[in-house]
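Listed below are the residues making up each chain.
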Amino acid sequence: MTTESDPYVIYGGDPTETDKVDADCPSLGAMVMSDFQLGEDKTCFINGATNEKWTYKDMLEQTSLLARVLYGAGIRQNDVVSIVSENRFEFPAIVFGAFYLSAIVAPINTTYTERELKHSLQLSKPRFVFTAPSTADQTLKVCKKLKFVERVIVFGRDKLQSNAISLHDFIQKYEKKDFNVEKYVAQRVSRDQVAYIANSSGTTGMPKAVLITQMNIMSIVQGMRDTINLAKQFLGDNIVGSSVAPWFHSMGFFAMIINACSRDATFVFLPKFDNESFLRCIQEYKISTVSVVPPIMVFLAKSPLVDKYDLSSLISIACGAAALSKEVEDQVRERFLKNYNTEVMIRQAYGMSESTLRTIASTLVVKPGSVGQVLPGIYCKVVDENGKSLGPHQQGELCFKGPVIMKGYLNDTDATNNAIDKNGWLHTGDIGYYDEDEHFFIVDRLKELIKYNANQVAPAELEALLLSNSKVKDCCVIGIPDEKAGELPFAYVVKQPGVQLTEKEIVQFVADNTSKVKRLRGGAKFVDEIPRNASGKILRRQMRDMYKASKSKL
């Protein structure tokens, strides 16, 4: 279906009645609380590492407790709380407790270095930072230097540094027992109220803070109602799902949110992902649907470890966060057909932090290699370099409009205006096309982001780091193809005249100053100069061509 004004704008159709956000629902917190109340005694979450289980009733109790504690400690609407932690039960308790108060949640990557963690905290400026024992030392060290951080709360009851308090003691000290959470969430809040701050890597260097509103999240949650009802046709009433993504990542965060609010699905999570635990959980808990990233699909297609576990319960695999090749998709299907004589449904989706979660997804009709069709309530167009919308099978930049598009970037008007035009279209920087059935295919990226294991790595950030080395005159970072990881960061470097510097030292310098996902796993190579245009921008495509040419000679 298209709009009348432009025949090449694709509309996902009007949401069904169950797909619409209830106009009378006063807040995101009220929606979440209602979902937990409806779930009652059904198991909501299972920690696959410990087998600890929380029912929907447990979720309601624990999230309400954290809301009373946060309120007692002074958190109000628009205040920010951050979480630096692996997946664990305290994580959703804090997230939903904050949502009840219309406060803002800003999860932070646990693999960040001190420099990256400090940058992220300075963007969102949380009053409270919650952290796990595994991340506490670095978090406390960084927060000591940030005046806006009032409290660092550590999960567990271990001996703590002087500027921290355990979650147990925090609850004991601040719980306001007479605070009526249910009455509080019934107060109407603007749908434009920010609820979540995501970190999004950009071509300009360090991550930007993406502002996601209550309406954005409510649209995603409500939009899953039909999807879950549809899934029951294939998965049965007893849906058991899992996701490999950590909850500080937008993909993992919303997998947690959606499953927690599904009312009748059970979600199995792992504190930390590893291949064997992932397979064991599918076998042990009879998981019927999983959300994965392309490197896990490569693992499912090729690893001999897969044959040691019974994965016959798995009916549906959803893959996102990066492009999945048709070849790998076919290999996974063939393996399941060979091992279990069953057709596993593999569905791709497309989205980005700036669109809350997904804007395109495969539903009933799945075309190999396609990321699916535009979702209800969302408009999409493919445009050329002049902004003209294109027809079927013509490649251009994907643009979106709808209730899931971010409010903007925090304190960055220029970046916001560059991403969202005056007509409200989000320009993704991704190149794709659609066919005559309006199924979309992702081809390439205008943005220069490197996708390593579904993580976004900004070349400009690594280039800025390399240029901080006194022995480096100039540099260019590109992504080079890798079957398992998608892409690997690789650097071309120009040395300062007369200095001694090895490629190994370049790789080690980056490793010493960045988190693991940003390391130069593709290596480094010295060149005489970096090609640039008249305005000084690196001709990155030329550098990619240089790399391809060097490989073709081998």
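Above: the structure in question.
Criteria and cut-off values
- Residues numbered from 1 in each chain as written.
- Predicted model: local features only at pLDDT ≥ 70, side-chain atom pairs only at ≥ 80, totals over all residues.
- Heavy atoms only, no water.
- Helix = DSSP H or I, 4+ residues; strand = E, 2+ residues; numbered from the N terminus.
- Rg over C-alpha atoms; globule rule 2.2 N^0.38 Å.
- Buried < 20%, exposed > 50% of the residue type's maximum accessible area, 1.4 Å probe, protein only.
- Contact = heavy atoms within 4.5 Å.
- Areas by Shrake-Rupley, 256 points an atom, 1.4 Å probe, with all protein chains shown as cover.
- Lys, Arg positive; Asp, Glu negative; His and termini not counted.
- Charge placed at Lys NZ, Arg CZ, Asp CG, Glu CD.
- Salt bridge = Lys/Arg side-chain N within 4 Å of Asp/Glu carboxyl O.
- Pairing = 2+ DSSP bridges.
- Core = buried A, V, L, I, M, F, W, Y, C linked by side-chain atoms within 4.5 Å.

### So, the overall build of the protein chain
Item 1. Across its full length, the protein chain holds 16 helices and 27 strands.
Item 2. Since a compact globule built from 554 residues should have a radius of gyration of about 24 Å, the 24 Å found for the protein chain is in line with a globular shape.
Item 3. Taking all 554 residues of the protein chain together, the buried fraction comes to 56%.
Item 4. Across the protein chain, contacts joining residues at least 24 apart in sequence account for 68% of those joining residues at least 6 apart.
Item 5. Accessible area of the protein chain: about 24100 Å², with a carbon and sulfur share of 48%.
Item 6. Between the mean site of the 66 positive side-chain charges and the mean site of the 65 negative ones, the protein chain shows a separation of 6 Å.

### So, helix α11 (residues 294–302)
Item 1. Judged by how many residues are buried, α11 sits mostly within the fold: eight of nine residues are covered.
Item 2. Where α11 is concerned, the buried positions are P294, P295, I296, M297, V298, F299, L300 and A301.

### A look at the pattern of salt bridges
Item 1. Within this structure, the stated rule accounts for 21 salt bridges.
Item 2. E86 is the partner of R88 in a salt bridge, and the nearest nitrogen-oxygen pair spans 3.3 Å.
Item 3. A salt bridge links E284 to R280; the nearest nitrogen and oxygen atoms lie 3.0 Å apart. With a gap of four residues between them, E284 and R280 both fall in helix α10 (residues 275–285), about one helical turn apart.

### Thoughts on the pairing of strand β18 (residues 379–383)
Item 1. By the criterion of burial, β18 is predominantly enclosed, with four of the five residues buried.
Item 2. Note: strand β1 (residues 10–11) against β18, two bridges, orientation antiparallel. Counterpart to I10 in the pairing with β18 is C380.
Item 3. Relative to strand β19 (residues 396–401), β18 runs antiparallel, the two being bridged by five bridges. When the sheet's bridge partners are listed, C380 is paired in β19 with F400.

### Brief notes about the nonpolar core
Soluble globular proteins tend to pack their nonpolar side chains together in the buried interior.
Item 1. Ranked by internal contacts, the top residues of the largest apolar core, which has 95 residues, are F96 and I257.
Item 2. In this structure, M251, L314, V332 and F336 belong to the second largest nonpolar core, which totals 36 residues.

### A closer look at the side chain of Q193
Item 1. Here Q193 is to be found in the loop between α7 (181–185) and β9 (194–202).
Item 2. When its relative accessible area of 6% is taken as the criterion, Q193 is described as buried.
Item 3. Not counting chain neighbours up to four residues away, the residues in contact with Q193 comprise Q77, N78, S102, I104, T213 and Q214.

It is worth stressing that arrangement in space is one thing and function is another; only the former is reported here.
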